[in-house]
Amino acid sequence: MFLKSRNESDLLKLLGFLNTRMILSEDERKQYLYLKKGYEGEVAFDLLTAANLNREMFILNDIMLEINHSKFQIDSSLIIQDTIIPCEVKNYEGNYFYKDGEFQLCSAKRPITNPLHQLKRTETLLQQYLKKNGFPFRILPYLVFINPKFFLYQAPQNDSIIFPPQLSSFMEKLNSKPFNLNGMQQKLADKLIADHKIESPYPKLPPYEYHSLQKGMTCAICDSFFITCDERKLTCKNCGFEEEVESAVIRSAEELKLLFPTLRVTTNIIFDWCKVIGSRKTIRRILQKYYKVIGCKQWTYYK
Ligand SMILES: [Zn+2]
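Cut-offs used in this document
- Residues numbered from 1 in each chain as written.
- Predicted model: local features only at pLDDT ≥ 70, side-chain atom pairs only at ≥ 80, totals over all residues.
- Heavy atoms only, no water.
- Helix = DSSP H or I, 4+ residues; strand = E, 2+ residues; numbered from the N terminus.
- Buried < 20%, exposed > 50% of the residue type's maximum accessible area, 1.4 Å probe, protein only.
- Donors = N, O, S within 2.8 Å, 3.2 Å for Na, K, Ca; no water.
- Tetrahedral: all angles 85-135°; square planar, octahedral: opposite > 155°, others 65-115°.
- 1 Å grid on protein atoms, 1.4 Å probe; cavity = no way out; pocket = protein on both sides within 12 Å on 5 of 7 lines; lining within 4 Å.
- Points joined across faces, edges and corners; volume = space filled by probe spheres on them.
- Nonpolar A, V, L, I, M, F, W, Y, C, P; charged D, E, K, R; others polar.
- Axes fitted to C-alpha atoms, helices over the stretch in contact; angles between N-to-C directions.
- Left-handed = near helix turned anticlockwise from the far one by under 90°.
- Contact = heavy atoms within 4.5 Å.
- Phe/Tyr/Trp six-rings, centres within 6.5 Å; stacked < 30°, edge-to-face > 60°.
- Lys NZ or Arg CZ within 6 Å of the ring centre and 35° of its normal.
- Expected span 1.5 Å × (residues − 1).

**Some thoughts on unusual backbone geometry**
We note that Gln81 has phi near 50°; this positive angle belongs to a residue other than glycine. Along the chain, the position of Gln81 falls in the loop between β3 (70–80) and β4 (83–90). Given a relative accessible area of 25%, Gln81 falls into the partly exposed group. Even without a glycine there, the phi angle at Asp223 is positive, about 65°. As for its placement among the helices and strands, Asp223 is situated in the loop between α5 (184–195) and β11 (227–229).

Quick look at the structure:
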């Protein structure tokens, strides 16, 4: 059972908004696409575990912990009997080779950050965490390559690496482990969830200001600004997606609030931000319906 679900992080959401509304540097755009691809891989792994693993098994997605001033993140943690299985999920695509203990993309000159080192670090820190909190669990870490278009030349024979063709036998192996809940599993899961840290995304973003961002509503599916709007719905001229005006206005207001957490949401600012809505009256009506009204007349804002 999924005890902690996975959501797109605020950092990924914000980078997506900025990618749509300003020109990111090449490095910033790379970071955005890397995070997006990683997230898609983790979601693909969630779908696999949800469909194939014993329903009683505890699965915790995307946990960030801290021990002795070191933070570490676990993409998926499975708890079975007296064992915790941290999985590092990689959505690498294309041809790589393995040489002298390093992974390298065939088309690149330098090795990439070694995911086995990352896995080792997670194991070490998780060991310290379990010890400090008095949980006598074994750790069985795995590096999971989820993308069927990934290929590794000269792959090492290493039981803790799961390649795409091995995913189904990996699930079968997990399901075949003895499985008796004795309360400790739930205790550990509760502790991990309670200790999950949420990091502020803002220090990791490129600098931006309200005035320098492109205004206008974007399509919820393809992010296009090429939108037309009538009384009740918005239509994307790029992909054809239609959305109720109310839902689109609230989505745009939420985007603005995440980008500028200290900004006061007013009718005028949402009118300026959305651009395609013809009347302030429509905006005011929607904001009044979904948010708490604070102040009155020209000092009104919404929370
Ligand atoms: Zn669209």
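Having seen the structure, we can now continue with the description.
**So, the coordination of the zinc ion**
Surrounding the zinc ion are the protein donor atoms Cys219 (SG), Cys222 (SG), Cys236 (SG) and Cys239 (SG), which sit 2.3 to 2.4 Å from the metal. Here the zinc ion binds four donor atoms, and the angle range of 104 to 118° at the metal identifies the geometry as tetrahedral. Look at where the donors of the zinc ion fall in the sequence and you get C-x2-C-x13-C-x2-C. With Cys222 in the loop between α5 and β11 and Cys236 in strand β12 (residues 233–236), this pair connects stretches of sequence that are 14 residues apart.

**Focus: the layout of surface pockets**
If you add up the space inside the largest pocket, you get close to 1700 Å³. Along the wall of the largest pocket there are 44 residues; nearest its centre are Gln31, Tyr34, Leu35, Gly38 and Glu42. Here the lining of the largest pocket is built from residues that sort into 16 nonpolar, 11 polar and 17 charged. In this model, the second largest pocket occupies a volume close to 380 Å³. Forming the boundary of the second largest pocket are 17 residues, of which Glu8, Lys13, Gly16, Phe17 and Asp223 lie nearest the centre.

**A closer look at the packing of helix α7 (residues 267–274) against helix α8 (residues 280–290)**
Across the interface, α7 lies against α8 with an axial gap of 9 Å and an inter-helix angle of 115°. Considering the relative orientation of α7 and α8, their crossing is right-handed. Of α8, the residues touching α7 (which contributes Thr267, Asn268, Ile270 and Phe271) are Arg280, Ile283, Arg284 and Leu287.

**Side note on the packing of aromatic side chains**
Two numbers describe a pair of aromatic rings. These are the distance of the centres and the angle of the planes. Scanning the model with the defined rule gives 15 aromatic pairs in all. Both rings, one in Tyr98 and one in Phe103, keep their centres 5.0 Å apart while their planes meet at 75°; by these two values the pair is edge-to-face. In this structure, Tyr98 and Phe103 share a single accessibility class: buried. Ring centres of Phe103 and Phe145 lie 6.2 Å apart, and the angle between their planes is 45°; on these two criteria the pair is classed as tilted. Note that Phe103 is positioned in strand β6 (residues 102–105) and Phe145 in strand β8 (residues 142–145), a separation of 42 residues in sequence. Exposure class is identical for Phe103 and Phe145. Each is buried. Aromatic ring contacts, followed pair by pair, group Tyr92, Tyr96, Tyr98, Phe103, Phe145, Phe150 and Phe163 into a single cluster. For Arg21, the ring lying beneath its charged end belongs to Trp273, and the centroid distance is 4.2 Å. The ring of Tyr210 has Lys215 sitting right over it, with the charged end atom 4.4 Å from the ring centre.

**A closer look at helix α1 (residues 10–21)**
For α1, with 12 residues, the first-to-last C-alpha span of 16 Å sits near the 16 Å given by 1.5 Å per residue. When you tally the buried positions in α1, you get nine out of 12 residues, the bulk of the element. Of all the residues in α1, the buried ones are Leu11, Leu12, Leu14, Leu15, Gly16, Phe17, Leu18, Thr20 and Arg21. In the core, the buried residues of α1 are packed alongside α2 (26–52), α6 (245–259) and α7.

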